[in-house]
2 protein chains.
Amino acid sequence: MSAGRLSLNQWTTRSWSVAEAVDGCARHGVEAVGLWREHVAGHGLAATARLVRDAGVRVSSLCRGGFLTGGTWLDDNRAAIDEAAELGAACLVLVVGGLPGVAPGEPPAPGFSRDLAGARARVADALDVLAPYAGERGVRLALEALHPIYCADRAVVSTLKQALDLAERHPSEQVGVVVDTFHQWWDPDVFGQIARAGDRIASYQVCDQLSPLPPDVLLARAVPGDGVIDFGPLTAAVAAAGYAGDVEVEVFNADVWAADPDEVLATVRARYAALVEPHL
Amino acid sequence: MSAGRLSLNQWTTRSWSVAEAVDGCARHGVEAVGLWREHVAGHGLAATARLVRDAGVRVSSLCRGGFLTGGTWLDDNRAAIDEAAELGAACLVLVVGGLPGVAPGEPPAPGFSRDLAGARARVADALDVLAPYAGERGVRLALEALHPIYCADRAVVSTLKQALDLAERHPSEQVGVVVDTFHQWWDPDVFGQIARAGDRIASYQVCDQLSPLPPDVLLARAVPGDGVIDFGPLTAAVAAAGYAGDVEVEVFNADVWAADPDEVLATVRARYAALVEPHL
């Protein structure tokens with residue numbers, strides 16, 4: 001039986017290769033997959049495109065382009081757009097990058113910048129270059145506002161409002177936004193911004209937040225139902241905004257990664273059916 | 001020589017008792033101190049009030065009341081207000097609490113609530129009760145928006161805008177807000193909200209954010225200059241809004257706590273003079 005609009009972001013079943021993830025989706029009735037560029041590169045771009053086409057699996061997103069605030073970003077992002085085009089991905093997720101000179105997991109580089117407003121302006125400038133390039137290739141960029149705890153090292157775009165302010169400077173088919181429960185559930189303004197987003201919603205990602213937080217806050221995510229987030233109101237708001245695309249489950253969590261991927265996917269499917277799908 | 005408007009939040013020099021902190025302030029020319037209720041209780045409330053009065057030290061804040069979203073909060077918050085009155089504290093900081101049944105550092109209790117909107121409404125209801133009580137005793141409540149990473153277990157008030165929306169339902173002398181660099185630096189709306197706040201700013205707390213984050217994200221704070229925050233624009237905005245009170249340095253950081261408190265206070269004073277004071 002089909003899992004409807006559920007999509008497996010392959011990072012959730014981290015130990016699976018691209019081929020194993022696509023096979024797992026087929027066995028579990030999951031019709032869409034979110035792919036990561038490094039995994040795609042490992043399997044081969046053309047081979048991955050063939051694999052998903054032959055399996056009849058939709059590519060709900062390619063993760064990820066971005067990191068636009070540092071020195072060199074153009075070539076890598078053009079390549080990511082080209083890859084998304086070849087895979088027929090519904091969107092290319094952009095994680096925009098943190099302060100210049102501040103990389104994830106590393107001490108700030110000598111001479112790093114504390115100029116947050118400047119870093120945010122760089123993102124806008126980079127989008128001016130990338131959006132038309134994406135448009136020419138039929139690829140939709142999906143700006144992802146990350147949780148504010150990642151502002152310094154991963155994404156200076158911290159709220160859905162910010163993402164929409166940036167996206168709306170471009171045609172909707174070129175630049176959309178990601179609504180992500182983990183990153184945005186706390187935001188007092190999130191329901192208003194989801195309504196505002198309308199057809200700008202390029203991707204809806206569902207993921208819970210653990211409490212208490214684990215030692216690595218990057219891994220504070222959980223399968224829906226295992227944390228503190230109420231998926232009903234957020235999902236209903238996304239549906240009311242008109243989003244009709246796939247719903248990706250993307251979980252960064254050490255225990256989930258250590259578990260049997262087949263069991264993980266079965267749990268994901270059950271939780272999606274119980275907590276998310278009724279509100280779509 | 002006086003350190004001007006610098007205030008030592010006593011948690012920064014955690015190993016010091018109330019008496020040691022007040023003595024340390026005197027020796028370092030720091031004219032104000034932010035006190036914590038449990039330390040005050042240890043020294044005795046009346047004795048602490050005498051101690052700061054005799055030393056000529058201003059009490060820039062008493063930390064903390066709040067945790068208004070769970071079952072019982074009234075008696076403890078009335079007591080906190082009474083204590084703030086006796087100490088002559090410039091404000092009583094309120095950390096409003098997380099989701100009902102979700103306590104800091106503990107697994108959610110059975111039957112805990114995921115109703116974030118409901119928890120936020122409880123805060124508003126509680127303030128309706130506490131604000132007049134504080135007003136009668138000449139105490140100003142200071143609503144503190146905590147970083148969104150603490151939304152589940154410590155404070156469902158996550159942005160300065162939210163804090164102001166709540167505060168503005170009451171007279172300014174009864175309910176103000178805390179501007180805190182650690183909690184709010186990432187917020188794209190923070191400068192607009194600081195300007196809006198005007199005389200609602202009851203406390204300005206400066207604290208840096210580490211990158212990368214340490215294993216306990218509660219301790220991701222640092223002495224100004226040791227992290228990624230640009231104190232100039234935020235401080236200038238607070239000054240432009242008309243804030244003329246003390247500037248508290250409150251640092252939760254395991255390395256700082258392990259260091260010699262006198263060295264910590266000397267560093268705090270130097271950093272304040274270099275990074276904060278020029279923008280006031």
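Quick caveat: nothing in here was measured; it's all calculated off a predicted structure.

About the cut-offs
- Residues numbered from 1 in each chain as written.
- Chains lettered and ligands numbered in written order.
- Predicted model: local features only at pLDDT ≥ 70, side-chain atom pairs only at ≥ 80, totals over all residues.
- Heavy atoms only, no water.
- Phe/Tyr/Trp six-rings, centres within 6.5 Å; stacked < 30°, edge-to-face > 60°.
- Helix = DSSP H or I, 4+ residues; strand = E, 2+ residues; numbered from the N terminus.
- Buried < 20%, exposed > 50% of the residue type's maximum accessible area, 1.4 Å probe, protein only.
- Lys NZ or Arg CZ within 6 Å of the ring centre and 35° of its normal.
- Core = buried A, V, L, I, M, F, W, Y, C linked by side-chain atoms within 4.5 Å.
- Contact = heavy atoms within 4.5 Å.
- UniProt positions renumbered as here; feature names shortened; annotations may be inferred.
- Pairing = 2+ DSSP bridges.
- Right-handed = clockwise from strand over helix to strand, strands pointing away.
- Buried area = accessible area lost by both parts, 1.4 Å probe.
- Salt bridge = Lys/Arg side-chain N within 4 Å of Asp/Glu carboxyl O.
- Polar contact = N/O pair within 3.5 Å; in protein donor to acceptor, adjacent residues only side chain to side chain.
- Nonpolar A, V, L, I, M, F, W, Y, C, P; charged D, E, K, R; others polar.

Caption draft 1: Local environment of the packing of aromatic side chains. By the definition in use, this model includes 11 aromatic pairs over all chains. Aromatic side chains A:Trp11 and A:Trp36 sit 5.0 Å apart centroid to centroid with 35 degrees between the ring planes, which places their arrangement in the tilted category. Note that A:Trp11 is positioned in the loop between strand S1 (6-9) and helix H1 (18-28) and A:Trp36 in strand S2 (residues 32-36), a separation of 25 residues in sequence. Centre to centre, the rings of B:Phe252 and B:Trp257 are 5.9 Å apart; their planes meet at 50 degrees, and the pair counts as tilted. For the pair B:Phe252 and B:Trp257, a shared accessibility class is recorded, and that class is buried. Of the aromatic side chains, those joined through ring pairs into one cluster are A:Trp11, A:Trp36, A:Phe252 and A:Trp257. Over the face of the ring belonging to A:Phe252 we find A:Arg221, whose NZ or CZ atom lies 4.4 Å from the ring centre.

Caption draft 2: Here's a closer look at the nonpolar core. Among the nonpolar cores identified, the biggest contains 206 residues, and A:Trp185, A:Ile194, B:Trp185 and B:Ile194 are the most heavily contacted of them. Those residues within four positions of B:Ile194 in sequence are excluded, and the remaining contacts are B:Leu160, B:Val179, B:Ile201, B:Leu234, B:Ala237, B:Val238 and B:Ala241.

Caption draft 3: Molecular detail of the UniProt feature "domain: Xylose isomerase-like TIM barrel" (unreviewed entry) in chain A. Per the UniProt annotation, the sites labelled "domain: Xylose isomerase-like TIM barrel" (unreviewed entry) are residues 25-260 of chain A. In residues 25-260 of chain A, the share of helix is 39% and the share of strand is 17%. The end C-alpha atoms are 14 Å apart.

Caption draft 4: The arrangement of the environment of A:Asp82 in detail. Residue and element names in this part refer to chain A. Tracing the chain through its elements places Asp 82 in helix H4 (residues 74-87). The class for Asp 82 is partly exposed, based on a relative accessible area of 33%. Placed 31 residues apart in sequence, Asp 82 and Leu 51 show a C-alpha to C-alpha distance of 17 Å. Other than its neighbours up to four places away in sequence, Asp 82 contacts Tyr 133 and Arg 137.

Caption draft 5: Region of the structure containing the pairing of strand S4 (residues 92-95) of chain A. Residues and elements named next belong to chain A. Burial along S4 is two-sided: Leu 92 and Leu 94 facing one way and Val 93 and Val 95 facing the other are all buried. Bridge analysis of strand S3 (residues 58-66) against S4 gives four bridges, and the strand direction is parallel. Paired with Gly 66 across the bridge in S4 is Val 95. Regarding topology, H4 serves as the crossover connection from S3 to the parallel S4, and that connection is right-handed. Looking at chain direction, S4 and strand S5 (residues 141-144) are connected through three bridges and run parallel. From the neighbouring strand, Leu 94 faces S5, where its bridge partner is Leu 143. Of the crossover connections in this fold, the one passing from S4 over helix H5 (residues 116-136) to the parallel S5 is right-handed.

Caption draft 6: Main features of the interface of chain A and chain B. Contact with chain A, which involves 35 residues of that partner, is made by 35 residues of chain B. Around 2700 Å² of area is buried between chain A and chain B when both sides are counted, 68% of it from carbon and sulfur atoms. Considering only the surface of chain A that becomes buried against chain B, A:Arg114, A:Ile149 and A:Trp186 emerge as the three largest contributors, covering 22% of it. Our enumeration of links across chain A and chain B arrives at zero salt bridges. One can count six residue pairs in polar contact (both at pLDDT 80 or more) joining chain A with chain B. Split into classes, the residues belonging to the side of chain A that touches chain B amount to 20 nonpolar, nine polar and six charged.

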